[in-house]
Amino acid sequence: MSGLIAAGIAGITWCFCTATASLCTSWCGNDKPSTVPPSATSGRKRSVVLLAFSVVVALIYQYALAPNYDRISWQYLSDAWTSGCEDLGSVEMTQVCSGNAGVYRAASAAFVFFVIFGIAAKCKPTSNREAWPAKYVLFLFLLIGTIFIPNDPIFIPIFLWVARVGSVLFILIQQLILVDIAYNWNTAWIDRSDQAELDEGPGKGKKWLAAILVSCGILYISSLAGIIIMYIHFGGCATNDAFVSITLVMTFLCTVVQLTKSETGSLLTSGCMTLYATYLCGAAVSKNPDAVCNPKLGETSTWSIVIGLLIAFVAMMWTGWSYTTEKRLGGAERAADENDGGDEEKPKAGGLVINNESYGASDSPLAESVNQGESSSTNLASSGSSWKLNAVLALICCWYAMTLTGWGAIENRGDIANPDVGEVSMWMLIVSQWISLLLYFWTLVAPTFLPDRDFS
């Protein structure tokens, strides 16, 4: 027994020493150029892997550890996991509350991790791609430490409300990004059409305009099909019928205003927003915990549990990956802007030209230093957005905590086969849809009401 204890102490000591050495190596100035692995983007990949690990741990805490709190022989640990859940009136509700707190444990550990290293990345932009062995070890200790912290008050209600606020912020950012993407898609294809007219000759840009029209047809046909499917499979319930009808009316209104009154909108942008609104409506009605309104609720069988958890996990990982791209964080565009300063701002490499042949231009030390400087500035500008990466991931931690717990609800929510089903989740999705459509509607009418402002 003493040997096992000694081995455990030795292992923990080694982990602490490894973490300390890794952090000291990073913070004592061991800065590698961006061209040397790990690159600026590797921090994003490892951050999302860490986020994925925290989601897996949250699901284990929620559906494996928390329901068996009464089997824990250590009384302190049992009391810690039921703290704040004692007065719910039934064992089932206590287990749900304890499961929610399990999700808060994993999510709060990831949230604190990303906040701390977001601050570090703000102070030192390259830190997000350094010291990852130490970061993983420290995150593991954070997760283990949360097991021994009582629910009340750290997780319930403090982190519960932090997660609610963070989730609302993430949803608002999500809608702004998607409206911007819809506009940028149309602008990009129009620009390509104009460029084709200039480079290839008159009439060559029509292929891009045709692509816009075809895309519009696909988007609107898909949206109409989605509306019909929702009426067929989720109809007959007042809540679902209202959601689908409001979606149909609002998207139709936005399209009509764009076609008749707006000078800034486009049919492709309207098609994107219509399809996105249809998707959000479908997601909302599928989150309805009422079996009468939601015939797609899975039964609690082994396959339904596996599929339900897998779908929830994949959806959260896709959100974590797609919303941390440099394009959405603004790093790539800023790097391009900083390096696109015009001909007169770019350093010129010297060389000797004789009979249309150059000597010493591309191979000169000056040219090499210019090329290396441009590459380095691009990579450093890219890594300079790493604090935004951590900020978005911290908000995603709040969002997935609310998604898995039905925004902290104990009743009117899903089960292990439907982990993201819940009445509050349903309403948050449909409210998100209304916000996105209202934002788009405002972008259409704002230039008319405020003609003196520049909305380009």
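Predicted model only: the values in this text are computed from it and were never measured.

The next point concerns the overall build of the chain. Within the chain, the regular secondary structure consists of 15 helices and two strands. Restricting to contacts in the chain with at least 6 residues of sequence separation, those with at least 24 account for 78%. Of the roughly 23,600 Å² of accessible surface on the chain, a fraction of 67% belongs to carbon and sulfur atoms.

Before going further, it helps to spend a moment on helix H8 (residues 238-260). Along an α-helix, residues three or four positions apart point the same way, because every turn accommodates 3.6 residues. Taking 1.5 Å per residue as the helical rise, H8 with its 23 residues ought to reach 33 Å, and the 33 Å between its terminal C-alpha atoms agrees with that figure. Among all positions of H8, only Asn240, Phe243, Val244, Thr247, Met250, Thr251, Cys254, Thr255, Val257 and Gln258 are buried. Summarising the contacts, the buried residues of H8 are in contact with helix H7 (206-234), helix H9 (267-286) and helix H15 (423-449).

A few words on the state of the cysteines. Counted by the stated rule, this structure contains two disulfides. There is a disulfide in this structure between cysteine 85 and cysteine 97, and the S-S distance comes to 2.0 Å. One quick way to see it: the torsion about the S-S bond of cysteine 85 and cysteine 97 is about -65°, and its sign makes the bridge left-handed. Within this pair, whereas cysteine 85 is found in the loop between helix H3 (75-82) and helix H4 (91-123), its partner cysteine 97 is found in helix H4, the two being separated by 12 residues in sequence. We note that cysteine 85, like cysteine 97, is buried. Each disulfide of the chain joins two cysteines, and with those cysteines numbered along the sequence the arrangement is 1-2, 3-4. Cysteine cysteine 216 is unpaired, with the sulfur of cysteine 272 as its nearest cysteine sulfur at 7.7 Å.

So, about helix H6 (residues 154-200). Helix length check: H6 (47 residues) gives 64 Å between terminal C-alpha atoms against 69 Å at 1.5 Å per residue, within 8%. The sharpest bend along H6 measures roughly 25° and falls at leucine 160.

What follows is about the environment of leucine 138. When you line up the elements, leucine 138 lands in helix H5 (residues 132-147). Residue leucine 138 is classed as partly exposed on the basis of its relative accessible area of 28%. In this structure the C-alpha to C-alpha distance between leucine 138 and phenylalanine 113, which are 25 residues apart in sequence, comes to 8.6 Å.

For the coordinates displayed, the defined rule picks out 15 aromatic pairs. Measuring from ring centre to ring centre gives 5.2 Å for phenylalanine 243 and tryptophan 427, while their planes differ by 90°; the resulting arrangement is edge-to-face. Here phenylalanine 243, found in helix H8, pairs with tryptophan 427, found in helix H15; they are 184 residues apart in sequence, far enough to count as distant. One aromatic cluster is present, formed by Phe53, Phe113, Phe114, Phe117, Trp132, Tyr136 and Phe139 through successive ring pairs. Geometry around tryptophan 132 places lysine 135 over its ring, the cationic atom sitting 4.5 Å from the centre.

A few words on the confidence of the model for the chain. When pLDDT is averaged along the chain, the result is 75; 68% of the residues meet or exceed 70. Note on residues 26-31: pLDDT is under 50 here. Beyond four places in sequence and across chains, it has 11 contacts. Predicted confidence for residues 331-383 stays below pLDDT 50, and this span has 49 contacts to residues more than four positions away or in other chains.

On to the packing of H9 against H15. At a minimum axis distance of 8 Å, the contact between H9 and H15 shows a crossing angle of 165°. Our classification of the angle between H9 and H15 gives roughly antiparallel. Taken as a pair, H9 and H15 cross one another with a handedness that is left-handed. On H15, the residues touching Thr269, Ser270, Met273, Tyr276, Ala277, Leu280, Cys281, Ala283 and Ala284 of H9 are Met426, Leu429, Ile430, Ser432, Gln433, Ser436, Leu437 and Tyr440. Its residues assigned to classes, the contact of H9 with H15 comprises 12 nonpolar, five polar and no charged.

Next up on the list: the side chain of glutamine 258. Mapped onto the secondary structure, glutamine 258 falls in helix H8. Glutamine 258 has contacts with Gly265, Ser266, Leu267, Ser270, Tyr440 and Leu444, leaving out every residue within four places of it along the chain.

The omega torsion of the bond from aspartate 152 to proline 153 falls at 10°, within 30 degrees of zero and hence cis. Within the secondary structure, proline 153 is located in the loop between H5 and H6. Cis geometry is found at the peptide bond from isoleucine 156 to proline 157, where omega equals 15°. Looking at the element boundaries, proline 157 is found in helix H6.

Attention now goes to a nonpolar patch on the surface. Residues Phe53, Trp74, Tyr76, Leu140, Ile144 and Phe148 make up a contiguous nonpolar surface patch of roughly 580 Å² in combined accessible area. What makes leucine 140 partly exposed here is its relative accessible area of 41%.

This part covers the packing of H8 against H15. Running from N to C, H8 and H15 cross one another at 15°; their axes reach a closest spacing of 10 Å. Our classification of the angle between H8 and H15 gives roughly parallel. Note on packing geometry: the crossing formed by H8 with H15 is left-handed. Across the interface between the two elements, Thr239, Phe243, Ile246, Thr247, Met250, Thr251, Leu253, Cys254, Val257 and Gln258 of H8 pack against Met426, Trp427, Ile430, Gln433, Trp434, Leu437, Leu438, Tyr440, Phe441, Leu444 and Val445 of H15. For the contact of H8 with H15, the per-class residue count stands at 16 nonpolar, five polar and no charged.

Our next topic: the environment of isoleucine 410. Mapped onto the elements of the fold, isoleucine 410 is located in the loop between helix H14 (386-405) and H15. Sequence separation of isoleucine 410 and cysteine 97 is 313 residues, and the distance between their C-alpha atoms is 6.2 Å. Among all residues touching isoleucine 410, those that are not within four sequence positions of it are Leu88, Met93, Val96, Cys97 and Asn100.

Quick look at a negative patch on the surface now. A surface patch of like charges, here negative, comprises Asp79, Glu86, Asp87 and Asp152. If you trace the backbone, aspartate 79 turns up in helix H3. Here aspartate 79 falls in the partly exposed class, since its relative accessible area comes to 39%.

Thresholds, definitions, all that
- Residues numbered from 1 in each chain as written.
- Predicted model: local features only at pLDDT ≥ 70, side-chain atom pairs only at ≥ 80, totals over all residues.
- Heavy atoms only, no water.
- Helix = DSSP H or I, 4+ residues; strand = E, 2+ residues; numbered from the N terminus.
- Contact = heavy atoms within 4.5 Å.
- Areas by Shrake-Rupley, 256 points an atom, 1.4 Å probe, with all protein chains shown as cover.
- Expected span 1.5 Å × (residues − 1).
- Buried < 20%, exposed > 50% of the residue type's maximum accessible area, 1.4 Å probe, protein only.
- Disulfide = S-S within 2.5 Å.
- Bend = angle between axes of the 7 residues up to and from the residue.
- Phe/Tyr/Trp six-rings, centres within 6.5 Å; stacked < 30°, edge-to-face > 60°.
- Lys NZ or Arg CZ within 6 Å of the ring centre and 35° of its normal.
- pLDDT = per-residue confidence, 0-100.
- Axes fitted to C-alpha atoms, helices over the stretch in contact; angles between N-to-C directions.
- Parallel < 35°, antiparallel > 145°, perpendicular 65-115°, else oblique.
- Left-handed = near helix turned anticlockwise from the far one by under 90°.
- Nonpolar A, V, L, I, M, F, W, Y, C, P; charged D, E, K, R; others polar.
- Patch = residues over 30% accessible without salt bridge, like charges linked within 9 Å, V, L, I, M, F, W, Y side chains within 5 Å.
- Salt bridge = Lys/Arg side-chain N within 4 Å of Asp/Glu carboxyl O.
- Lys, Arg positive; Asp, Glu negative; His and termini not counted.
- Charge placed at Lys NZ, Arg CZ, Asp CG, Glu CD.

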